[in-house]
Amino acid sequence: MKLAALALCALSGPAFADFQCTIERQCGGGTCEAFDGGPLSLQQSGDSWIVALGGTQWQAFAAATIEVGGEVSLVIPPQEGMSGLVTVLPDGKVAFTAHAGAEGGLVAITGEGQCTSEGG
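Residues numbered from 1 in each chain as written. Predicted model: local features only at pLDDT ≥ 70, side-chain atom pairs only at ≥ 80, totals over all residues. Heavy atoms only, no water.

Scanning the protein from terminus to terminus reveals 2 helices and 9 strands. When the helices and strands of the protein are read in sequence order from the N terminus, they spell out α-β-β-β-β-β-α-β-β-β-β. Burial analysis of the protein (120 residues in total) assigns 35% to the buried set. Counting only contacts in the protein whose residues sit at least 6 apart along the sequence, the fraction spanning at least 24 positions is 36%. Accessible surface, the protein as shown: approximately 6400 Å² in total, 55% of it carbon and sulfur. (Helix = DSSP H or I, 4+ residues; strand = E, 2+ residues; numbered from the N terminus. Buried < 20%, exposed > 50% of the residue type's maximum accessible area, 1.4 Å probe, protein only. Contact = heavy atoms within 4.5 Å. Areas by Shrake-Rupley, 256 points an atom, 1.4 Å probe, with all protein chains shown as cover.)

Structure (structure tokens):
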């Protein structure tokens, strides 16, 4: 896949590559299940990224790039009731974790899937 080349273009010039991801499964509370929350969209916007899922958007910041670590890792600081991390590997695989405070404790959800890039 040409994901690595497109990601490098996104990080080194004015034209940005966006990612459209399909999350295949999510895990939380000791169980895993198919994910039916719709597509995960990652769009670079200046020095930050917009992470969108199920009608909610979060602002994220790059913690690692293809040029430095071989992957794109986006940190989502606390907002809209959660924080998290999204990682896209050069082969297009995506993993995410989301953390949120809940009554009686903390909720941690992980997920995985596949991304394609657009633009760039």
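Our focus in this paragraph is the state of the cysteines. Taken as a whole and judged by the stated rule, the model has 2 disulfides. Here Cys21 is linked by a disulfide to Cys115, with a sulfur-sulfur distance of 1.9 Å. Where Cys21 bonds to Cys115 through sulfur, the torsion about that S-S bond is close to 95°, and the disulfide is right-handed. A residue pair is termed long-range when its members are at least 10 positions apart, and Cys21 in strand β1 (residues 17-28) and Cys115 in strand β9 (residues 105-119) qualify at 94 residues. (Disulfide = S-S within 2.5 Å.)

With that settled, consider the side chain of Thr87. Here Thr87 shows up in strand β7 (residues 82-88). Residue classification places Thr87 among the buried positions, given a relative accessible area of 13%. A polar contact of 3.3 Å, which involves the side chain of Thr87, links it to the side chain of Ser73. (Polar contact = N/O pair within 3.5 Å; in protein donor to acceptor, adjacent residues only side chain to side chain.)

Before going further, it helps to examine the pattern of salt bridges. Overall, the coordinates contain 2 salt bridges when judged by the stated rule. A salt bridge links Arg25 to Glu112, with the shortest nitrogen-to-oxygen separation between them at 3.4 Å. Here the residue Arg25 occupies a position in strand β1, and Glu112 occupies one in strand β9, the gap between them amounting to 87 residues. Among the residues examined, Glu112 registers a relative accessible area of 37% and is labelled partly exposed. (Salt bridge = Lys/Arg side-chain N within 4 Å of Asp/Glu carboxyl O.)

So, on to the pairing of strand β3 (residues 40-45). The sheet contact formed by β3 and strand β4 (residues 48-53) spans 6 bridges and is antiparallel. Considered in β4, the bridge of Gln44 is made with Trp49. The hairpin formed by β3 and β4 contains 2 residues between the paired strands, and Gly46 there has a positive phi angle of roughly 65°. (Pairing = 2+ DSSP bridges.)

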